[in-house]
Amino acid sequence: DRHQPMKVSVAIATYNRAPYIRQAIDSVLNQTMTDFEIIVIDDGSTDNTVAVIADYRDRIRYVRTGNGGPARARNVGMAMARGEYICWLDSDDFFHPAKLALQSAVLDAHPDVAMVCTECSGFDDHGAWFEYHLQDYHASAYRRGGVAYDVLFDRATPIGQVAALRATLPDGSDWGNRKLYLGRIFDRYLMNTVVFTNSMLFRRAAFEEIGPQRPRFGFFHDLEFALRLTRARQTAFLDVPTYAIRYH
């Protein structure tokens, strides 16, 4: 039922990632919140992705398309979404268990915010792990460009001081000491790559307002989409790594 209400839709676009997609799907199924759906968009895979996906067919929505690239695949997933909020997961990466609960709580508490993005971790298949990786990933802005969160955003609050967020924090973590940042960042984002787009959770209403991703932007289709979100409304940023990106 397209109109069945739920909190979050997770769109996983995949192409020939059979060795990794199981970990990606499991990371969503292991979330601390349960009000979500998983939409897997198979962008014409030629490996055994279909066989791997078969183990999850009762827990996901699956659609197979001809190979058209990640922007088109994500657009298919977003058009299918039934959730109040939407996020993406690349099929070779994974979510932290508290991601959906924590980021949903931000959007619930701030109706003027279009999307909330976060820190990220980086890892590879040889055991390397970089827990706080965003400033290295976008080094051109943060390391060499002198950008800082306090400059990008208008205001900040320790996460542990926000009751709705405190209830979602992982046990034993120090995330309560990190900050939630809020503000309008379009002007600064226009000149600096500062948002790790895979970490975003955004309102479906905002997506319907600004329109789909534009494949003509090539590898920058996600950055351009995020830029339109920041122009539409305020942006929130959580300085905690809810998303892990794989290098391979």
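In short, a report on the structure. (Residues numbered from 1 in each chain as written. Predicted model: local features only at pLDDT ≥ 70, side-chain atom pairs only at ≥ 80, totals over all residues. Heavy atoms only, no water.)

1. Remarks on the overall build of the protein chain
Then step 1. Looking only at helices and strands, the protein chain features 11 helices and 11 strands.
Then step 2. In terms of overall dimensions, the protein chain is globule-like: its C-alpha atoms have a radius of gyration of 17 Å, near the 18 Å expected for 248 residues.
Then step 3. Dimensions of the protein chain, computed from the C-alpha atoms along their principal axes, are close to 45 × 45 × 40 Å.
Then step 4. In the protein chain, which comprises 248 residues, the proportion classed as buried is 56%.
Then step 5. For the protein chain, restricting intrachain contacts to residue pairs at least 6 apart in sequence, the fraction spanning at least 24 positions comes to 76%.
Then step 6. Of the roughly 10,800 Å² that the protein chain leaves accessible, carbon and sulfur atoms contribute 50%.
Then step 7. Taking the average location of the 28 positive side-chain charges in the protein chain and that of its 30 negative ones, the two points are 5 Å from each other. (Helix = DSSP H or I, 4+ residues; strand = E, 2+ residues; numbered from the N terminus. Rg over C-alpha atoms; globule rule 2.2 N^0.38 Å. Buried < 20%, exposed > 50% of the residue type's maximum accessible area, 1.4 Å probe, protein only. Contact = heavy atoms within 4.5 Å. Areas by Shrake-Rupley, 256 points an atom, 1.4 Å probe, with all protein chains shown as cover. Lys, Arg positive; Asp, Glu negative; His and termini not counted. Charge placed at Lys NZ, Arg CZ, Asp CG, Glu CD.)

2. Considering the environment of Tyr189
Then step 1. Relative to the helices and strands, Tyr189 resides in helix α9 (residues 186–191).
Then step 2. Considered as a pair, Tyr189 and Leu227 are 38 residues apart in the sequence and their alpha carbons are 7.0 Å apart.

3. Quick word on the nonpolar core
Then step 1. Ranked by internal contacts, the top residues of the largest apolar core, which has 81 residues, are Met200 and Phe202.
Then step 2. Every residue in contact with Met200, bar those within four places of it in the chain, is listed here: Ile86, Cys87, Trp88, Lys99, Gln103, Met115, Val116, Cys117, Val195, Phe225, Ala226 and Leu229. (Core = buried A, V, L, I, M, F, W, Y, C linked by side-chain atoms within 4.5 Å.)

4. Structural notes on helix α11 (residues 221–232)
Then step 1. If you check α11, its first and last C-alpha atoms are 17 Å apart, about what 12 residues at 1.5 Å a residue would give, namely 16 Å.
Then step 2. Listing the buried residues of α11 in full gives His221, Asp222, Leu223, Glu224, Phe225, Ala226, Leu227, Arg228, Leu229 and Thr230. (Expected span 1.5 Å × (residues − 1).)

5. Focus: the packing of aromatic side chains
Then step 1. According to the stated counting rule, one finds 16 aromatic pairs in the structure shown.
Then step 2. Centre to centre, the rings of Trp88 and Phe225 are 5.5 Å apart; their planes meet at 50 degrees, and the pair counts as tilted. Residue Trp88 is located in strand β4 (residues 83–88), and its partner Phe225 is located in helix α11; the two are separated by 137 residues in the primary sequence. Each member of the pair Trp88 and Phe225 is classed as buried.
Then step 3. When the centroid spacing of 5.3 Å and the interplanar angle of 70 degrees are considered together, the rings of Phe196 and Tyr243 count as edge-to-face. Placement of Phe196 in the loop between α9 and β10 (201–203) and of Tyr243 in strand β11 (residues 234–247) is noted, with a sequence separation of 47 residues between them. Tyr243 carries the same exposure label as Phe196, and that label is buried.
Then step 4. Counting every residue linked through ring pairs, the aromatic cluster contains Tyr142, Tyr149, Phe153, Tyr181 and Phe237. (Phe/Tyr/Trp six-rings, centres within 6.5 Å; stacked < 30°, edge-to-face > 60°.)

The values are spatial; any link to function lies outside them.
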